[in-house]
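# Understanding the architecture of this molecule
Letter by letter, the chains look like this.
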Amino acid sequence: MQVKSKIKNIGDLRLEIVRLNQLKREQEEYLGDQYQLLKHKVEAPARFINSITSSIPGVDFVKGIFSAFGSGGGAKVEGAANQSDWLARALQLGLPLVLNRTFLKNSGWLKKAIVLLASDSAVAQVTQGKVSSLMAKLTKFVRPKKSKKKHKEVAPLEDIENNDTVNFGIPPDSETY
């Protein structure tokens, strides 16, 4: 690294700017290379596992089953709009566990399978939008309605202009004088 000298005139300033821009480019290239090396090292275990699993028959079938489960139980579909949202995925994973631990604790495997398949198809119908709209309707029902304040009838201005005396709200017979 070069030690910077004192800048005495505009020429020295321009040279210093050129030097700093060159130093910036060198550092960016170095950091980019270091990032690529680190990325290559981090991806090494995944590449190793993929090379092993590619030689085993039937692994693609198992991956297809799990990817179909993650996309809402249907066929594999491209695009984020067609995939189920996070709430449906969480319910698909959590509902079988809750049902097995509570209601289906002493049931046989056939009854568990039937109930879990039915619950999976029911959960596929649940989306985050439906739940949020249900919650909005519930809160609208629970919140108290705003009551509109009724104002007293005020005499129109024409009636005030017809009187010769100005009414300040104090009766003329009062002892305020």
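Residues numbered from 1 in each chain as written. Predicted model: local features only at pLDDT ≥ 70, side-chain atom pairs only at ≥ 80, totals over all residues. Heavy atoms only, no water.

### Looking at the overall build of the protein chain
Across its full length, the protein chain carries 6 helices and 0 strands. Seen in sequence order, the protein chain has helices and strands lined up from the N terminus as α-α-α-α-α-α. Burial analysis of the protein chain (177 residues in total) assigns 8% to the buried set. Sequence separation of at least 24 residues holds for 38% of the intrachain contacts in the protein chain that already meet a minimum separation of 6. Accessible surface computed for the protein chain: about 16600 Å², of which carbon and sulfur atoms make up 63%. (Helix = DSSP H or I, 4+ residues; strand = E, 2+ residues; numbered from the N terminus. Buried < 20%, exposed > 50% of the residue type's maximum accessible area, 1.4 Å probe, protein only. Contact = heavy atoms within 4.5 Å. Areas by Shrake-Rupley, 256 points an atom, 1.4 Å probe, with all protein chains shown as cover.)

### Brief notes about the confidence of the model for the protein chain
With 68% of its residues at a pLDDT of 70 or more, the protein chain shows a mean pLDDT of 75. Within the protein chain, the element-level pLDDT minimum falls on helix α6 (residues 157-162), averaging 54, and the maximum on helix α1 (residues 10-54), averaging 92. Confidence drops under pLDDT 50 across residues 72-83; counting only partners more than four residues distant or on other chains, this segment forms 11 contacts. (pLDDT = per-residue confidence, 0-100.)

### Notes on α1
In this model, α1 (45 residues) spans 64 Å end to end at C-alpha, consistent with the 66 Å of a helix rising 1.5 Å per residue. For α1, the principal kink sits at alanine 44 and spans about 40°; a proline, proline 45, occurs within the next four residues. Put simply, asparagine 9 is the residue that caps the front of α1, since its side-chain oxygen is 3.3 Å from the backbone nitrogen of glycine 11. (Expected span 1.5 Å × (residues − 1). Bend = angle between axes of the 7 residues up to and from the residue. Polar contact = N/O pair within 3.5 Å; in protein donor to acceptor, adjacent residues only side chain to side chain.)

### Observations regarding a nonpolar patch on the surface
A cluster of nonpolar residues, Val131, Met135, Leu138, Phe141 and Val142, forms a patch on the protein surface that exposes about 520 Å² of accessible area. Within the fold, valine 142 resides in helix α5 (residues 128-142). (Patch = residues over 30% accessible without salt bridge, like charges linked within 9 Å, V, L, I, M, F, W, Y side chains within 5 Å. Salt bridge = Lys/Arg side-chain N within 4 Å of Asp/Glu carboxyl O.)

### Section: helix α4 (residues 109-124)
Given a rise of 1.5 Å per residue, 16 residues ought to cover 22 Å, and the 22 Å separating the end C-alpha atoms of α4 matches this to within 8%. Of the residues making up α4, those classed as buried are Leu116, Ser119 and Val123. When α4 is viewed along its axis, its buried side chains cluster within an angular range of 65° and face the same direction. The outward face of α4, more than 90 degrees from its buried face, is lined by the exposed residues Leu110, Lys111, Ile114 and Leu117. (Arc of directions from axis to C-beta.)

### Points about the environment of glutamine 92
Tracing the backbone through its elements, the reader meets glutamine 92 in helix α3 (residues 86-101). Accessibility expressed as a relative area gives 5% for glutamine 92, which makes it buried. Between the C-alpha atom of glutamine 92 and that of leucine 116, which follows or precedes it by 24 residues, the distance is 9.6 Å.

### Here we look at the pattern of salt bridges
In a structure, side chains of opposite charge can pair up when their charged atoms sit close to one another. Scanning all chains against the criterion turns up 1 salt bridge. The partner of arginine 19 in a salt bridge is glutamate 16, and the shortest N-O contact between them spans 2.6 Å. Within this pair, arginine 19 and its partner glutamate 16 are both found in helix α1, separated by 3 residues, close to a single helical turn.

### Remarks on a negative patch on the surface
Taken together, Glu26, Glu28, Glu29 and Asp33 make up a surface patch of like negative charges. In this fold, glutamate 28 is placed in helix α1. (Lys, Arg positive; Asp, Glu negative; His and termini not counted. Charge placed at Lys NZ, Arg CZ, Asp CG, Glu CD.)

### Considerations on the environment of threonine 102
Inspection of the secondary structure puts threonine 102 in the loop between α3 and α4. Looking at threonine 102, its side chain comes within polar contact range of the main-chain oxygen of valine 98, at 2.7 Å.

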